[in-house]
Each structure stands twice: as C-alpha cells, then as structure tokens.
There are 2 protein chains.
Amino acid sequence: MKKAYIISTGTELLLGSTIDSNSVFLGKKLEDIGIRVVGKIIVGDNRDQIARAFKLGFESADLVIASGGLGPTKDDLTKEIACQVMGVKLEIVEEEVRRLQDFFARRRRTMPESNIKQAMFPPESVVLRNPLGTAPGMYLSKDGKVAVLLPGPPREMENMYINEVEPLLKKEFQLETRKAVSRIIKVLGPGESQAEEMLEDVIDDPRGCSLALLAVDGEVHIKVTAEGRDINDSQRILERVTEKIKDKMSDNVIGYDRENLSSAVAKLLMNKGKIVAVAESCTGGLLAKLITDLPGSSRYFWGSITSYSNEAKKILLDVKEETLARYGAVSKETAAQMAQALIHRYGVDIGLATTGIAGPDGGTAEKPVGLVYIALADNNCCNVKELHFTGNRETVRLLTAKTALDLLRRHLISGGKD
Amino acid sequence: MKKAYIISTGTELLLGSTIDSNSVFLGKKLEDIGIRVVGKIIVGDNRDQIARAFKLGFESADLVIASGGLGPTKDDLTKEIACQVMGVKLEIVEEEVRRLQDFFARRRRTMPESNIKQAMFPPESVVLRNPLGTAPGMYLSKDGKVAVLLPGPPREMENMYINEVEPLLKKEFQLETRKAVSRIIKVLGPGESQAEEMLEDVIDDPRGCSLALLAVDGEVHIKVTAEGRDINDSQRILERVTEKIKDKMSDNVIGYDRENLSSAVAKLLMNKGKIVAVAESCTGGLLAKLITDLPGSSRYFWGSITSYSNEAKKILLDVKEETLARYGAVSKETAAQMAQALIHRYGVDIGLATTGIAGPDGGTAEKPVGLVYIALADNNCCNVKELHFTGNRETVRLLTAKTALDLLRRHLISGGKD
C-alpha cells in the first residue's frame, strides 16, 4: 500500500484558533483511493520548519501532499522550499505569466510584480489549474517520490484535488478503485486491555486484517480493516474476522460503525414490542436524554421520573419511608422499589432505575463517591446491580447511564432469563 | 521565546474521521503562557513514525508535548519511544504498580499483566497523576530539552495539563506571569451581531482592552482582554470595561468565565430559597440533566418528569384528555397544564415545562419541526412562551433546554414580576 504524508502550512493553524480542515479532507480522500496516510504535519510560514517537514515527509512516505503557501507574498514559501528539497529548479513559464495577466486584466487591475513567482515552475512538473484563484498547484514525480502542492483556501484546494490530483495519483500508483474495507465493532463490558486478551488469537492471526483498539467513554471500539485481492475478497475477509470477533465478544458487542447503545436498545425493544420507563436519581435525566436522542423513541419509551429529592421518590415511586430511613436513598432496596414502581404503578413492561453518589461531595466511608445501584424490573423479576465507578461527576454519571442501558440490552437479548 | 512542538499519536487521527482536538487545546494553552508552537505532527501507532516525530520535534523546539499512546495495549508506544529518543531507560516504579492495583481493586477487577507498563518510568522523570484514568503522564527535562507525555482522552489530557504540566513548564522556563488579564462575559438573548451593535460604544472606545465576540450554543461570549502597565493596572481596566458591558447588556448577562446558565440559576434559587421541578417532553431529560450537572443541586431541585408519552402526561401531570385531543401534546395549553401540575400536585415553588417538535420527523404545516412551547408556573402566574428554533434534533433540544433555564433565571431576577 502506498504511503502519504500531509503537510499544512500557515501560522494561523498553530494558534489554536483555526482548525486544519484541509488535512482532514485530504486524509479521507487518500484513504478512499487506497493510499495510507502515515503522518500529518502542520508548520508556520517558516523556512526551516517547512524544509524539515518536507524532508520528514519524503523519508516516511511515497507521496507528500501540501496545502498553503502558494500565494504571491514573501511568506509564501512552500513551492520554493519543496523544489529545493527535491533538487529541481524554478523557471518562468510564459503560458502561466499570460494566464495571470489575463486574470488581473479581467478584473481591471495590473499584476503586481510579486505575483510573477506564481508563474514559476520546474520543467519536470505538471502545473495544476486553479479556476477559483490565482495560485496554480504543482504536481512533481521524481525518483519514485511524488510532491503535490495545493493552495490553502479549502474551496480552491478541494476543487484542485478532485479534478487534477486524484486522476494523476491513480495513474501514477496504478490504483484501481479501492480494495480495503473496514468496520468498527463496538464493545461494552471488558476494558481495553481485557478486550485485547480476549482477542489474542485474532490479533496473532488476523487473516489479512489489521486491528486497532480504542477506548471511548467506557466502550472499546475495535477497528478492523481488511485488504484482499479486490473489494469482494476484502469484504469476505472482513466478514470472516468479524464473525471470529463476535464469537470471542459474544454479548459484549453493542453494534457496528454508526450504531450505539441507544440504537441497539431501540431495535431490541421494538422487535420485542416492549415499553420501557426510567427512574433516575444520580443520573439526573441523562439516562432519559440518551434514550430520547433517537427520533421516534416515543414508540418504546413511556417516560422517566428524575426523583432527585426523597420527597419525589416517595410520592412518584412509592419508595417507603422506612426504606429510606433504614437503607438510605443510595441502596439496593431503594433502587429496587424505584424500578418496581414503574411496573406496578405505571404499567410499563420494563423499569430501569439508577441511584448513586456522583460526587464530588456526599461520599462516606461505607458509601464512597462512585457507588451506584442500577435496578431492572419486569413482571417476573427485579435485579439490582452494585457498581463502583471512578472519575469525576461527569464520568460517574455517564458510565452509570450507559451501564443501565447495557443492562437493559443484555436483559432483552437473554429474553429476561437473567 | 521558547518553542514547542506538539505530537498527537493515534491511527484514528489519520483516517479523517476523528479531529485532533488535543493539539488545538494545547496550542491555545502554550500560547497563553508565552510558549510559541512551531509545529504540530500527527502520526499513527507506528514505531518508526513516532520516533521520527520526536526527533523532528527536538530538532525544532525546546519542548515536545505529546498526547496519546500511554495505554496498556501493544500499540501504545509513545513512552517507550520517547525514552529511546531521549536516551533514558524505563524502570518499574513500585508506587505506580500499587496505584494501578488499587485502581483495578476499586473496580473489583484484577489488573491484566499488560497494564504493568503503565507503571514504568525513567528515574529522571516526574510522574504525572491521572485521577481520571489508568495512564499516568510523564515529564522529563534533559540537556535543555523537555518532553511531556499526556494521555489521549481529552478530559484526562486537559486535566493533567492544567494541574500538573503548566506549573512545571512555568518553573522550567521561568515564564514571568503575564501582564494581561482577561475575562469571558457570557450573554444570552441577543444574537452575535445584535450584541455587537449593543456594544458599539465600548468597541469604538475599549479603553485599553481588546474585545472578541464568539457565538456558542445560542449564547454570545464576549472575551475582554486588558493589558496595562502591570497586572493591577490591567485588572483595573478590565473591571472598568466589564462594568460598561454589564450596563449595556443588563439582564442578558448570564455570568463570567466558568459560570453558566445552570450555576446562575442555582445561585438565584438558593438566594431566594425556592424549589423548582421540571416537566419535559421534547427535551426528554436534557433539562433535568443540565440542572443536575451541578453538585448539590438537590438543595433546590425537587425532580423532573419526562412525560414522553401522552399516557405519562395524563397520569403524572394531570394533562386533560380533551386538551390533548383538541390542542395536541405540542400546544400552549398542554405546556401550561404540565407546569401547573408541578405546583398544584407536587407542591414545588416553581414549575418549568417543555413540549415541542424536535424533529427530524413529526412536523406538520401548522406545527413545523422546531416549534416549541415553554411554560413557567408559580403560585401567582403561569406564562407560556412560543418559540421557533432551526437546526437539527440535537440543536432544537439544546436550545429549548437552555431557553427554559433562561426563562427561569429572568423570572427569579425580576422576582416573579413577569
């Protein structure tokens, strides 16, 4: 697989105010035609830094694609430096001079001297048209290395890449349409290192796939990329490895690519024609929010009660005074009564309840910050799970809400046999 | 001026799907303490590429600050390679081993073997605490070059930079505290350009301040920076201009810097000793979530009812059958009944209710997507506001929740005389 390095120049990109969207666009596009981006570098309009970036790029990759620094001003250095690094000379190209003069004439302006450098190119290069601006791009292939220089303004850059550069790259590297396919498998339950242990066999023998694990908000995302002889072969490999990973991960798999916990739960609830309701204490509305992030959730979501005060727990969820007195609001017993009230008093199929200490205050020796109880009740059973989360308030609340959704998901998969 | 190079590692950052927000945060922060970022580089989890990146960084700058690749898995390579490049050896640090074992013990899990590498550091280095995750960071100063290694997850990275790294950098490079002081004034009500008009006089005559307006989730943030002869002088200038802006913006000012709508409402409710409850339809729990984001919210928040189904609206909030039949769930009348039920049935001081069409589906000619009703009731009155928001489901829900909080804020300021 051919490798590419992306360089973005422009001091404004280093100040934290501007995001380098060009390299994101180019990253996607190169991936699409089967060129692997091995690195991206952002430098200011500084001679040494730009030169170092190009040297690193050519050391690391077959293709270096840069955007920015093709303008007429003194701090536009990209072309000059790229040519130095590649050992080629810039010469005035008459046709480009005329093109520039036309451009200014059409705007009733005379061309400033400084613009002449936009008409200078090495004879070995291909000049890339820029219908949207004055700065032409440059394509140069030499000694098995390719340099592509594009203008900085996103519209000009994207237009030039699509119309001029992509066809040249496909020809240069004989890229027939993309062979690699990939998929993200989302897992909840094991931690990142535990997931890696569970997948040991697959990782040791990936059968033409590359695997990458990433921890995201309590989930582990497994990115599987397959590259076979052709797209169909890749697809076959991907499916085969996906199956192996599914075997290893079994119920821990939430879904694929764009799917998430909410959509997984939604699908199961609709298949089984079940209605769920939620009673929240420590998650304070977050659990209901996650469920209702999905349009159409009213088909399976009855509603939720955020019983933040003990008052509300008693009035709305029939939590008994003595339960609160003896066991406290954060207890197995209170969680169970909250979930059961949803079934018995409001008549939904499944009740889900959370109570816990999100912190930073309110923790005690026997009930520390991070202690959480999640209850799930239906007409047959009521299970309460005790959990201990670490992290700040935001983390504890998020992990509690996601774990509650995951308990619901597992309950629906097992058909309530848990 | 000292120079820094920022390295972000993680294959996912090269695929165009994930944006490298870490380097944007670090760019801003380093700039704030007077360190110039001369380059940023993004590489995958690849040994050669990471090594090249560190070499380039040390060639180009005094400080190399990297995020990502500190996890326990095989493709977490940053620390190992950084130490090779700097010529230092990794050794097991017993204290860190214990810390890791505790972390897993608290989660009732045994520590996988692979995690041990998270407890290995060169003796010359400072270990950086990570209260939010398992991966500690590393700070190493050697031969006039400084390497800082931070975890990849933004929350962990930002927390570690602010609490551990910034003080070390200030000491290392003897960065005298800056003369400039700044403040963000948060405003809700006028749009960005309207706010600019309201502030015309201040902008034309900023009295030694610089003003920058930024639109954020329906709010306008006014960043005022003052740089006088010394820190005290700057502070005086800042206060003077803040007063002028407050005069112009009056009730539209939510708060300053870290303050937000939730904290502004919390302060007012506690001052007035009022208890609020919430009834949500279209916001589906988000409004309660925003209120309970704040620790201690149980002092003024009774709870919330997310009446997503009409069923729930009737049973929990006494919304009348004929109201739903004649006016529909998304109507002035339904909103009013939802808010009033909180007062009359549950006895809180203030009831806040939302109902609307968040989309993308469910809109009609006379009730389009984005139509929202927000009701606020107390013992004296019940006001319902009709609003029309544009944007996707997420935006409509967020703007509805924030507008509801803002109505509550204004109601509390006016002492209910609205």
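Nothing here was measured: the structure is a model prediction, and the numbers come from that model.

1. Some remarks on the overall build of chain A
Counting its secondary structure elements, chain A contains 14 helices and 17 strands. A globule of 418 residues ought to have a C-alpha radius of gyration of about 22 Å, yet chain A, at 30 Å, is considerably larger. Each principal axis of the C-alpha distribution contributes one length, and for chain A these read about 90 × 45 × 40 Å. Pairs at least 24 apart in sequence give 67% of the contacts found in chain A among residues at least 6 apart. Of the roughly 17,700 Å² of accessible surface on chain A, a fraction of 49% belongs to carbon and sulfur atoms.

2. Side note on unusual backbone geometry
Following G359 of chain A, the chain continues to P360 of chain A via a peptide bond in cis, the omega torsion being 0 degrees. Examined against the element boundaries, P360 of chain A turns out to sit in the loop between β15 (350-356) and β16 (371-377). Of note in this structure, R108 of chain B is not a glycine but carries a positive phi near 55 degrees. Phi is positive for D143 of chain B, close to 50 degrees, though the residue is something other than glycine. Tracing the backbone through its elements, the reader meets D143 of chain B in the loop between β7 (137-142) and β8 (145-150). On the basis of relative accessible area, D143 of chain B is assigned to the exposed category, the value being 68%.

3. A closer look at the sheet that holds strand β9 (residues 180-188) of chain A
Residues and elements named next belong to chain A. If you walk across this open sheet you meet the four strands as β10-β11-β9-β12, and the pairing is antiparallel. Of all the strands in the sheet, the pair left with one neighbour each is β10 (209-216) and β12 (253-256). The sheet shows a mean angle of 20 degrees between the axes of neighbouring strands, direction not considered. Summarising the sheet, β10 and strand β11 (residues 219-227) pair through eight bridges and their orientation is antiparallel. Directly across from A212, in β11, lies its bridge partner K223. Along the sheet face, helix α8 (residues 231-249) touches β9, β10, β11 and β12 and points at about 15 degrees away from the line of β9.

4. Regarding the pairing of strand β1 (residues 3-9) of chain A
Residues and elements named next belong to chain A. Where burial is concerned, most of β1 is hidden: six out of the seven residues are buried. In this sheet, strand β2 (residues 36-43) lies alongside β1 in parallel orientation, the contact comprising seven bridges. Counted as the bridge partner of T9 is V43 from β2. Bridge count for β1 against strand β3 (residues 63-67) is five bridges, and the pairing is parallel. When the bridges of β3 are listed, Y5 appears paired with V64.

5. Some thoughts on the sheet that holds strand β3 (residues 63-67) of chain B
Paired through backbone hydrogen bonds, the strands of a sheet run either parallel or antiparallel to each other. Strand order across the open sheet formed by 12 strands is β6(A)-β7(A)-β8(A)-β3(A)-β1(A)-β2(A)-β2(B)-β1(B)-β3(B)-β8(B)-β7(B)-β6(B), with mixed pairing between neighbours. For this open sheet the edge positions go to β6 (126-128) of chain A together with β6 (126-128) of chain B, each flanked by a neighbour on one side alone. Each neighbouring strand pair of the sheet contributes to a mean axis angle of 15 degrees, computed without reference to strand direction. Of the strand pairs in this sheet, strand β7 (residues 137-142) of chain A and strand β8 (residues 145-150) of chain A are connected by five bridges, and their pairing is antiparallel. Bridge pairing in β8 of chain A places K142 of chain A opposite K145 of chain A.

6. A few points about the side chain of T403 of chain A
Residues and elements named next belong to chain A. On the secondary structure map, T403 appears in helix α14 (residues 393-413). T403 sits in the buried class, given a relative accessible area of 17%. A polar contact is formed between the side chain of T403 and the backbone oxygen of L399, at a distance of 2.6 Å. Not counting residues up to four positions away in its chain, the partners in contact with T403 are I374, L387 and F389.

7. Quick notes on a negative patch on the surface
All names here are of chain B. A surface patch of negative charge is lined by E192, E196, E197, E200 and D204. Broken down by secondary-structure element, the contributors of at least two residues to the negative patch are α6 (192-198) and α7 (200-204). Sorting elements by how many residues they give to the negative patch places α6 first, with three residues. By secondary structure assignment, the location of E192 is in helix α6.

8. Observations regarding the confidence of the model for chain A
Across chain A, the average pLDDT comes to 91, with 98% of residues at 70 or higher. Under the prediction, the complex receives an ipTM of 0.71, its pTM being 0.71.

9. A word on the interface of chain A and chain B
In this complex, chain A contributes 72 residues to the contact, which on the side of chain B involves 72 residues. Between chain A and chain B lies a buried interface of about 5,700 Å² when both sides are counted; carbon and sulfur atoms form 55% of it. Seen at the junction of chain A and chain B, the total is four salt bridges. R52 of chain A is the salt-bridge partner of E59 of chain B, the closest N and O atoms lying 3.3 Å from each other. Scanning the region where chain A abuts chain B turns up 33 residue pairs in polar contact (both at pLDDT 80 or more). The biggest single contributor to the side of chain A that touches chain B is β2 of chain A, with seven residues. In terms of residue class, the side of chain A that touches chain B is made up of 28 nonpolar, 26 polar and 18 charged. In this structure, β2 of chain A lies alongside strand β2 (residues 36-43) of chain B, joined through five bridges in antiparallel fashion.

10. Section: the domain arrangement of chain A
Residue and element names in this part refer to chain A. As assigned here, chain A comprises domain 1 (2-176), domain 2 (180-256) and domain 3 (261-414). Here domain 2 and domain 3 have C-alpha centroids that lie 31 Å from each other. The interface is formed by 10 residues belonging to domain 2 together with nine residues belonging to domain 3. Counting the surface lost from both domain 2 and domain 3, the interface buries some 730 Å², and carbon and sulfur atoms represent 51% of this. Its largest share of buried area at the contact with domain 3, domain 2 owes to L188, D251 and I254, together 62% of the area lost on that side. At the junction of domain 2 and domain 3, the tally comes to one salt bridge. Salt-bridge contacts for E219 lead to K402; the nearest nitrogen and oxygen are separated by 2.8 Å. Counting across the domain 2 and domain 3 interface gives six residue pairs in polar contact (both at pLDDT 80 or more). Here the side of domain 2 that touches domain 3 is composed, by residue class, of four nonpolar, three polar and three charged.

11. Focus on the packing of helix α2 (residues 47-60) of chain A against helix α2 (residues 47-60) of chain B
Close contact between α2 of chain A and α2 of chain B brings their axes to 11 Å; oriented N to C, the two are set at 165 degrees. Regarding the angle of α2 of chain A to α2 of chain B, the classification is roughly antiparallel. Judged by the twist between their axes, the crossing of α2 of chain A over α2 of chain B is right-handed. Facing α2 of chain A, whose interface residues are Q49, R52, L56, E59 and S60 of chain A, α2 of chain B presents Q49, R52, L56, E59 and S60 of chain B.

12. So, the packing of α2 of chain B against helix α3 (residues 78-86) of chain B
All names here are of chain B. One way to put it is that α2 packs onto α3 with a least axis distance of 9 Å and a crossing angle of 50 degrees. Considered as vectors, α2 and α3 are oriented oblique to each other. Judged by the twist between their axes, the crossing of α2 over α3 is right-handed. Every residue of α3 that contacts α2 at R47, I50, A51, F54, K55 and F58 is listed here: T78, E80, I81, A82, Q84, V85 and M86. In the contact of α2 with α3, the residues fall into eight nonpolar, two polar and three charged.

13. Observations concerning the side chain of S304 of chain B
Considering the arrangement of structural elements, one finds S304 of chain B in strand β14 (residues 301-306). Overall, the relative accessible area of 1% leaves S304 of chain B in the buried class. Other than its neighbours up to four places away in sequence, S304 of chain B contacts S304, I305 and T306 of chain A together with V278, E280 and A288 of chain B.

Conventions we followed
- Residues numbered from 1 in each chain as written.
- Chains lettered and ligands numbered in written order.
- Predicted model: local features only at pLDDT ≥ 70, side-chain atom pairs only at ≥ 80, totals over all residues.
- Heavy atoms only, no water.
- Helix = DSSP H or I, 4+ residues; strand = E, 2+ residues; numbered from the N terminus.
- Rg over C-alpha atoms; globule rule 2.2 N^0.38 Å.
- Contact = heavy atoms within 4.5 Å.
- Areas by Shrake-Rupley, 256 points an atom, 1.4 Å probe, with all protein chains shown as cover.
- Buried < 20%, exposed > 50% of the residue type's maximum accessible area, 1.4 Å probe, protein only.
- Pairing = 2+ DSSP bridges.
- Axes fitted to C-alpha atoms, helices over the stretch in contact; angles between N-to-C directions.
- Polar contact = N/O pair within 3.5 Å; in protein donor to acceptor, adjacent residues only side chain to side chain.
- Patch = residues over 30% accessible without salt bridge, like charges linked within 9 Å, V, L, I, M, F, W, Y side chains within 5 Å.
- Salt bridge = Lys/Arg side-chain N within 4 Å of Asp/Glu carboxyl O.
- Lys, Arg positive; Asp, Glu negative; His and termini not counted.
- Charge placed at Lys NZ, Arg CZ, Asp CG, Glu CD.
- pLDDT = per-residue confidence, 0-100.
- Buried area = accessible area lost by both parts, 1.4 Å probe.
- Nonpolar A, V, L, I, M, F, W, Y, C, P; charged D, E, K, R; others polar.
- Domains from an automatic or database assignment.
- Parallel < 35°, antiparallel > 145°, perpendicular 65-115°, else oblique.
- Left-handed = near helix turned anticlockwise from the far one by under 90°.

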